[in-house]
Amino acid sequence: MAAASNLQSEDQFLCSICLDVFTDPVSTPCGHNFCKNCINKHWNTSDRCQCPMCKEVFTTRPDLRVNTFISEMVVHSSEQQVSKPGEVPCDVCTGTKLKALKSCLVCLASYCETHLEPHLTASRLKRHQLIDPVENLEDRMCTKHDKPLELFCKTDQTCVCMLCHVLDHKMHDVVPLKDEYEGKKAELGKTEAEIQQMIQKRRLKIQEIKHSVDLSEEDADREIAEGVQVFTALKESVERGQANLINTIKEKQKTTEKRAEAFIKELEQEISELTKRRTEVEQLSRSEDQLHLLQSVQSLKAPPPTKDWTEVSVRPSYEGTVRRAVFQLEETLSKDMKKLVTAELKRVQQYAVDVTLDPDTANPCLILSEDGKQVNHGDVRKNLPDNPERFSNGVFVLGKQSFSSGRFYFEVQVKGKTKWDLGVARDSINRKGVITRRPQNGYWTIWLRNGNEYKALAGPDVSLSLKSQPQKLGVFVDYEEGLVSFYDVDAAALIYSFTGCCFTEKLLPFFNPCFNYGDKNSAPLIISPVNQAE
């Protein structure tokens, strides 16, 4: 009775013309209901205007009234029962497919509430296995034995039926599908949690990167402001030096002109005196008075007192004037440069890290202090295991700490040494046999040889001209920027920078105290605590 009632209820919402759920249901005067479009089409193609159900004939086409009750019921029924995209439809329904409530693994069909009734009431059908509605039921059957896939073979990691278990998977680890389902579901839950954690980490990383961009923008603005200030000061210094040079030359020229004027005046005075004497001599030479000529000639014979002008010159020497001006400018720029480097050193010292030496990497000839802060050559090769991390030939040692992002800085005392290497190295560097220290081999280092010869091992090497011998070196690395810089800490001077480096793996501090050479180079390399520059 329930099934009949449900079927009757379903039929009430079907148009007798299109046999589908009502669309815009209307009623005829005789009380029957149709889709508005269906009944109009029927009358448009028919000779007589009559009801398709009871055949009552209307003399004129009647006015159709909207059946609001059926309209509301159809909408309500559709919302509750008609299958929507993504839902499993009933395989038995004709016309409008209603939403399936269960799927049968024996019948390989899905049923709505009405058509499921026999599986709930008939004793033969009650034994069928019902599951929540699913599509593609054929995929849930064993293609070999045509039985439901109810078991899971853990050995072969595949779903099997009862016959598969008995015939093909007899010695395998087979469990009920539900047990494996619960286990896999738990694993998926764990995987989901891990993925969610990964997502959260990446969201935090996005925030970190955005924050870094903001900080970078602030750094850029500060660097621009400082750069403009420095270059403005340098420009002013150059302009002052140029103005001073021009003034100096002009002053020299004015002095020269004054001296020339004085010399000319003095020469003109002498010319006047000489002209006067020449006139007197000329007049006397014309005299016919013998006595007068003889008496006067003695006083006119000697010329008036004059100056020896042979060595006198008024051309000034400007040689060295420009050189001295440039030298003075260089001194000014050097002072400004030291201020700039001092400020730069103070900034990089903020990234100071605690570095200690790694004994597992140390060449057997090296002696490391207990605190891992000092290293020197011991002249005797110790019997140590030749592990993969240890340098076998070069008397090198690495720091324990590795860095794969960000910035870091450390300082090393080199006082008293005549030979050393310092810098950073890639984690994957060759540590056995002959080692060539170049950036292409994973080394970014500088060295000292013969007490005063400094080089950057840049491949090719770059000779470094230093005003003073560093006693303490600072090493700064900006991983993302690809920068490795070396500083003379006491002189607050930049020694050398490797730029445009491409770092793709961990970097470690690198130390080479070199051989002792009869105690000439026996002083240790000492990792020093960082005291920020004033």
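Note that the structure is predicted; figures quoted are calculated from it, not measured.

Let's talk about the nonpolar core
Part 1 of the argument: The biggest cluster of nonpolar side chains holds 38 residues, and the ones touching the most others in it are Trp-420, Phe-498 and Phe-511.
Part 2 of the argument: Core analysis: the second largest hydrophobic core is formed by 12 residues, Phe-34, Cys-38, Ile-39 and Trp-43 among them.

Things to note about the pairing of strand β21 (residues 507–512)
Part 1 of the argument: Extensive coverage of β21 is indicated by the burial of 6 of its 6 residues.
Part 2 of the argument: As paired strands, strand β12 (residues 397–398) and β21 are joined by 2 bridges and run antiparallel to one another. From the neighbouring strand, Leu-398 faces β21, where its bridge partner is Phe-510.
Part 3 of the argument: One ladder, built from 6 bridges, connects strand β14 (residues 420–426) with β21; its direction is antiparallel. Looking at the pairing, Arg-426 lines up with Leu-507 of β21.

Some points on the pattern of salt bridges
Part 1 of the argument: Inspection of every chain in the model, using the stated rule, returns 18 salt bridges.
Part 2 of the argument: Two residues, Asp-219 and Arg-222, come together in a salt bridge whose shortest N-O distance is 2.8 Å. Taken together, the residues span about one helical turn, with Asp-219 and Arg-222 both in helix α7 (residues 177–285) at a distance of 3 residues.
Part 3 of the argument: Relative accessible area serves as the criterion here: at 25%, Asp-219 is assigned to the partly exposed category.

Some words on the packing of aromatic side chains
Part 1 of the argument: A complete count under the given rule lists 15 aromatic pairs for this structure.
Part 2 of the argument: Ring geometry for Phe-263 against Trp-309: centres 5.7 Å apart, planes inclined by 85°, an arrangement best described as edge-to-face. Of this pair, Phe-263 sits in helix α7 while Trp-309 is found in the loop between α8 (290–301) and α9 (321–348), placing the two residues 46 residues apart along the sequence.
Part 3 of the argument: Residue Phe-263 is classed as buried on the basis of its relative accessible area, which comes to 16%.
Part 4 of the argument: Clustering of aromatic rings is evident, with ring pairs tying together Phe-391, Phe-396, Tyr-443 and Phe-510.

Considering the confidence of the model for the protein
Part 1 of the argument: Chain-level statistics for the protein give a pLDDT mean of 87 and a share of 95% at 70 or above.
Part 2 of the argument: Ignoring residues within four places in sequence, the model shows residues 1–9, a span with pLDDT below 50, making 6 contacts including any to other chains.

Focus on the pairing of strand β15 (residues 443–449)
Part 1 of the argument: Within β15, 7 of the 7 residues are buried, which leaves the element mostly enclosed by the surrounding structure.
Part 2 of the argument: Side chains of β15 alternate between two faces, with Tyr-443, Thr-445, Trp-447 and Arg-449 and Trp-444, Ile-446 and Leu-448 buried alike.
Part 3 of the argument: Bridging between β14 and β15 involves 6 bridges; their strand directions are antiparallel. Note that in β15 the partner of Asp-421 across the bridge is Trp-447.
Part 4 of the argument: Note: β15 against strand β16 (residues 453–456), 4 bridges, orientation antiparallel. Bridged to Trp-447 within β16 is Lys-455.

Calculation rules
Residues numbered from 1 in each chain as written. Predicted model: local features only at pLDDT ≥ 70, side-chain atom pairs only at ≥ 80, totals over all residues. Heavy atoms only, no water. Core = buried A, V, L, I, M, F, W, Y, C linked by side-chain atoms within 4.5 Å. Buried < 20%, exposed > 50% of the residue type's maximum accessible area, 1.4 Å probe, protein only. Helix = DSSP H or I, 4+ residues; strand = E, 2+ residues; numbered from the N terminus. Pairing = 2+ DSSP bridges. Salt bridge = Lys/Arg side-chain N within 4 Å of Asp/Glu carboxyl O. Phe/Tyr/Trp six-rings, centres within 6.5 Å; stacked < 30°, edge-to-face > 60°. pLDDT = per-residue confidence, 0-100. Contact = heavy atoms within 4.5 Å.

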